[in-house]
Amino acid sequence: MSDRSDDETPARPGEEAFGHDPAQGPFDAGLVFIGHVETPWATRAECPRNGRATDAVCRVRVKPEYRKGLKSVEECSHLILLYWMHKARRDLAVLAPGFADETHGCFGLRAPVRPNPVSLSVVQLLEMTGDGFLVRGLDCLNGTPLIDIKPYFATTDSVPDAQVRWRDRLKQTGVITPPGDA
């Protein structure tokens, strides 16, 4: 799969590019895709904005050479999956989310559009399979490359009083509602 964007989505009013395409380098590091995910979504428009907004069961396939690393995963109720949004644009610095009127820097959003299109989801582990596992809670395209798998620790990973004030403003005005918010 290519790291290059094939997202032909036109720029929205207020969006700004970085001035260069990070996909063209120079590169500081390399990644190894340890597998891929299989989801019901073929296009960005079909994808949920948030994995918590769907009950879809998705398959995580791990390459044979990395399956030893799955030891003890079956004892986790939830996992953090890191994946490479391989079809996302990588050149925009300021984005105009379709659900709001104001723009935000790419680092103030969880949109896949960013210099390094790394995304994460906290997923519920449903079942181990011979080549990986089944989960609920993903929000990515079918075939998305998998970067890493980590156990989710509620005592470490949850910060219940964390705030994103622009999101809180949108919730108060009714523009977005959980769980499908940004």
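Predicted, not measured: the structure shown is a model, and the values here were computed from it.

### Focus on the packing of aromatic side chains
Within a pair of aromatic rings, the relevant descriptors are the distance that separates the centres and the angle that separates the planes.
And then number 1: Considering all chains together, one arrives at 1 aromatic pair under this definition.
And then number 2: Judged by centre distance (6.4 Å) and plane angle (45°), the rings of phenylalanine 33 and tryptophan 84 are tilted. A residue pair is termed long-range when its members are at least 10 positions apart, and phenylalanine 33 in the loop between strand S1 (16-17) and strand S2 (35-38) and tryptophan 84 in strand S4 (residues 78-84) qualify at 51 residues.
And then number 3: The exposure class assigned to phenylalanine 33 is partly exposed, which follows from its relative accessible area of 22%.

### As for the sheet that holds strand S5 (residues 92-95)
And then number 1: One open sheet accounts for 3 strands, arranged S1-S5-S6; its pairing is antiparallel. On the outer flanks of this sheet lie S1 and strand S6 (104-105), each paired with one strand and no other.
And then number 2: Bridge analysis of S1 against S5 gives 2 bridges, and the strand direction is antiparallel. By the bridge assignment for S5, alanine 17 is matched with leucine 92.

### Section: the pattern of salt bridges
And then number 1: Tallied over the entire structure, the rule returns 6 salt bridges.
And then number 2: Here glutamate 102 ties to arginine 169 by a salt bridge, and the two come within 3.3 Å at their closest N and O atoms. Residue glutamate 102 is located in the loop between S5 and S6, and its partner arginine 169 is located in helix H2 (residues 165-172); the two are separated by 67 residues in the primary sequence.
And then number 3: Ionic contacts of the salt-bridge type, sharing partners, join the residues Glu38, Arg59, Arg61 and Asp131 into one network.

### What about the environment of valine 62?
And then number 1: Positionally, valine 62 belongs in strand S3 (residues 57-62).
And then number 2: For valine 62, a relative accessible area of 3% gives the class buried.
And then number 3: In sequence terms valine 62 and phenylalanine 18 are 44 residues apart; their C-alpha atoms lie 34 Å from each other.
And then number 4: For valine 62, the residues in contact, after removing those within four places along its chain, are Ile34, Gly35, Arg67, Leu70, Asp131, Gly132, Phe133, Leu146 and Ile149.

### Structural notes on the nonpolar core
And then number 1: Grouped together as the largest cluster of nonpolar side chains are 25 residues, with contacts concentrated most on Val60, Leu79, Leu81, Phe133, Leu138 and Ile149.
And then number 2: Contributing elements (two or more residues each) for this core: S3, S4, strand S7 (118-129), strand S8 (132-136) and strand S9 (145-151).
And then number 3: Residues within four places of leucine 79 in sequence aside, it is in contact with Val73, Ser121, Val122, Val123, Leu125, Phe133, Ile149, Lys150, Pro151 and Tyr152.
And then number 4: Ranked by size, the runner-up nonpolar core spans 9 residues in total, among them Leu92, Phe99, Ala100 and Leu170.

### Brief notes about unusual backbone geometry
And then number 1: Here the residue pair glycine 25 and proline 26 is connected by a cis peptide bond, since its omega of 5° sits within 30 degrees of zero.
And then number 2: On the secondary structure map, proline 26 appears in the loop between S1 and S2.
And then number 3: Phi is positive for serine 72, which is not a glycine, with a value near 80°.
And then number 4: Mapping serine 72 onto the fold places it in the loop between S3 and S4.

Reading the values: rules and limits
Residues numbered from 1 in each chain as written. Predicted model: local features only at pLDDT ≥ 70, side-chain atom pairs only at ≥ 80, totals over all residues. Heavy atoms only, no water. Phe/Tyr/Trp six-rings, centres within 6.5 Å; stacked < 30°, edge-to-face > 60°. Helix = DSSP H or I, 4+ residues; strand = E, 2+ residues; numbered from the N terminus. Buried < 20%, exposed > 50% of the residue type's maximum accessible area, 1.4 Å probe, protein only. Pairing = 2+ DSSP bridges. Salt bridge = Lys/Arg side-chain N within 4 Å of Asp/Glu carboxyl O. Contact = heavy atoms within 4.5 Å. Core = buried A, V, L, I, M, F, W, Y, C linked by side-chain atoms within 4.5 Å.

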